[in-house]
Amino acid sequence: MRRVLYLEQVIRVKYSKDGPITYISHLNLAQVFTRTLRRADIPVVVSNGFNPRLRISFGPPLPLGISSISEYLDIRIKGEIKVEEFVKRLNLSLPQGLRVLKAKIITPDSNSLVKLIDKASYVLTLKMKKKQFDFTEKKPEDERTELRQKIEKYNKSFLNLEEIIIEKQIKNGSKRIDIKPSILDLKVQNFNYPILKLHLEIRIGQQGNLNPRYVAKAWISEFSDNNDIIRISRDGLYIRGKEVI
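Residues numbered from 1 in each chain as written. Predicted model: local features only at pLDDT ≥ 70, side-chain atom pairs only at ≥ 80, totals over all residues. Heavy atoms only, no water.

## Focus: the overall build of the protein chain
A count of helices and strands for the protein chain gives five helices and twelve strands. Along the first, second and third principal axes, the C-alpha atoms of the protein chain reach 90 × 40 × 30 Å. In the protein chain, of all internal contacts separated by at least 6 residues, the share reaching a separation of at least 24 is 74%. When the 45 basic and 28 acidic side-chain charges of the protein chain are each reduced to a single mean position, those positions are 8 Å apart. (Helix = DSSP H or I, 4+ residues; strand = E, 2+ residues; numbered from the N terminus. Contact = heavy atoms within 4.5 Å. Lys, Arg positive; Asp, Glu negative; His and termini not counted. Charge placed at Lys NZ, Arg CZ, Asp CG, Glu CD.)

Written out as C-alpha cells, the structure is:
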C-alpha cells in the first residue's frame, strides 16, 4: 500500500499584543490562536495521542497587562503556503489587539523559541510628580536637562548595586529574591517632563522570566518614590543579541 506523504512547513511568526487582550493568560492565548487558525482555514499539523492539539509553540510568556510589539510563535503547517498569504489570512481572523507583524519559514528541526530566546527589552513609561520640581528659579529646559542627567546618573548607581531585593508574591505568600542578576541594562529612552521612558533589558529564558514590574517598582523605591507607572511594554526579544526574526 502506498503511503501518502505531505510536506510540512514551520513558520515563525512575530506579532503584537495590545489593549484589553493583554489581560488574557498565556494558556488562553494558545486557545485564541488555535481558533484563529481554524477560522483562517490554515492546515496545521496535529499532535498524536489521546488529546491531539495543533502543533504551535510560543516564546516566553508575557506578564498580564503588559503590551508588546515583539511576541513570537512557531506554527507547523501541512503542505506549503506563501508567507504573504499566511500573514494576510491570519490577520483577517485575529481578534482586536493581536496582529501579525512578520513571518518567516524556518527549518523544521529548529530549536524551540523558549530554548533560544535569552534577552527581552521593555519600555517603562513613568509619570513624574510635579510637586517636587520648582521651575520658578531656573529655565524649564535647564531644569529638564539637569533632571535627565540626574536620572542617568541614578541609573548607573542602580545597575551597580550589589543586590536588588524585592518581595515576590507566590502561592503561599511572598518571598524575597534578588533580581539584580537578571537586569542587563537600564537607560533613559525619552524624557518629556513629566513623562519619563526608560529602556530596560533583562535576561530571559529557561533560567527565569523576570516580570519588569518588579524592576520598575525597585527603581521607583530607590528614587524617592517620585514616579507612577503609566505603562510597560515589551519591544524586543533576542537570540544572542539579534532580534528573533
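## Brief notes about the pairing of strand S6 (residues 165–170)
On any regular strand, side chains alternate: one points to one face of the sheet, the next to the other face. Here S6 pairs with strand S7 (residues 173–178) via six bridges, running antiparallel. Within the sheet, the bridge partner assigned to Gln-169 lies in S7 and is Ser-174. The loop that links S6 with its antiparallel partner S7 comprises two residues. (Pairing = 2+ DSSP bridges.)

## Some words on empty space enclosed by the protein
Taken as a whole, this structure holds one cavity of 30 Å³ or more when the rule is applied. Taken as a whole, the largest cavity spans an internal volume of roughly 60 Å³. Considering the residues around the largest cavity, the lining is formed by Tyr-15, Lys-17, His-26, Leu-29, Phe-58, Gly-59, Pro-60, Pro-61, Leu-62, Glu-71 and Tyr-72. Across the lining of the largest cavity, the residue classes tally to seven nonpolar, two polar and two charged. (1 Å grid on protein atoms, 1.4 Å probe; cavity = no way out; pocket = protein on both sides within 12 Å on 5 of 7 lines; lining within 4 Å. Points joined across faces, edges and corners; volume = space filled by probe spheres on them. Nonpolar A, V, L, I, M, F, W, Y, C, P; charged D, E, K, R; others polar.)

## As for the nonpolar core
Counting 41 residues, the largest nonpolar core has Ile-151, Phe-158, Ile-179, Ile-183, Leu-196, Leu-198 and Trp-219 as the members making the most contacts within it. At the level of secondary structure, the elements contributing two or more residues to this core comprise strand S5 (119–128), helix H4 (140–159), strand S8 (183–192), strand S9 (195–205), helix H5 (212–222) and strand S11 (227–239). Counting 26 residues, the second largest nonpolar core, distinct from the first, contains Ile-21, Val-32, Leu-37 and Leu-98. (Core = buried A, V, L, I, M, F, W, Y, C linked by side-chain atoms within 4.5 Å. Buried < 20%, exposed > 50% of the residue type's maximum accessible area, 1.4 Å probe, protein only.)

## Details of the environment of Leu-29
Relative to the helices and strands, Leu-29 resides in helix H1 (residues 26–39). Along the primary structure Leu-29 and Pro-61 are separated by 32 residues, whereas in three dimensions their C-alpha atoms are 9.9 Å apart. Other than its neighbours up to four places away in sequence, Leu-29 contacts Tyr-15, Lys-17, Ile-24, Phe-58 and Leu-98.

## Here we look at H4
For H4, with 20 residues, the first-to-last C-alpha span of 28 Å sits near the 28 Å given by 1.5 Å per residue. Within the sequence span of H4, burial applies to Glu-143, Leu-147, Ile-151, Tyr-154, Asn-155, Phe-158 and Leu-159. Projected down its long axis, H4 carries its buried residues within an arc of 135°, all on one side. Exposed residues pointing more than 90 degrees away from the buried face of H4 are listed as Gln-149, Lys-153 and Lys-156. For H4, the elements touching its buried residues are S5, S8, S9 and H5. (Expected span 1.5 Å × (residues − 1). Arc of directions from axis to C-beta.)

## Observations concerning the pattern of salt bridges
Under the counting rule described, the total for this entry stands at nine salt bridges. Residues Lys-119 and Glu-201 are paired through a salt bridge, measuring 3.5 Å at the closest nitrogen-oxygen approach. Remark: Glu-201 occurs in strand S9 and Lys-119 occurs in strand S5; sequence separation between them is 82 residues. Its relative accessible area of 17% is what places Glu-201 among the buried residues. The partner of Arg-176 in a salt bridge is Glu-167, with the nearest N and O atoms 3.8 Å apart. Classification of Glu-167 as partly exposed rests on a relative accessible area of 41%. (Salt bridge = Lys/Arg side-chain N within 4 Å of Asp/Glu carboxyl O.)

## Regarding the layout of surface pockets
What the largest pocket holds in volume is close to 300 Å³. As for the largest pocket, its lining consists of Leu-27, Ala-30, Gln-31, Thr-34, Arg-35, Arg-38, Arg-53, Leu-54, Ile-56 and Phe-58. Among the elements that take part in the lining of the largest pocket, H1 stands out by supplying six residues, more than any other. Residues that form the lining of the largest pocket fall into these classes: five nonpolar, two polar and three charged. Of the pockets and cavities examined, the second largest pocket occupies roughly 250 Å³. Residue lining of the second largest pocket: 16 residues in total, with Lys-168, Gly-208, Asn-209, Leu-210 and Asn-211 positioned closest to the centre. Its residues assigned to classes, the lining of the second largest pocket shows eight nonpolar, five polar and three charged.

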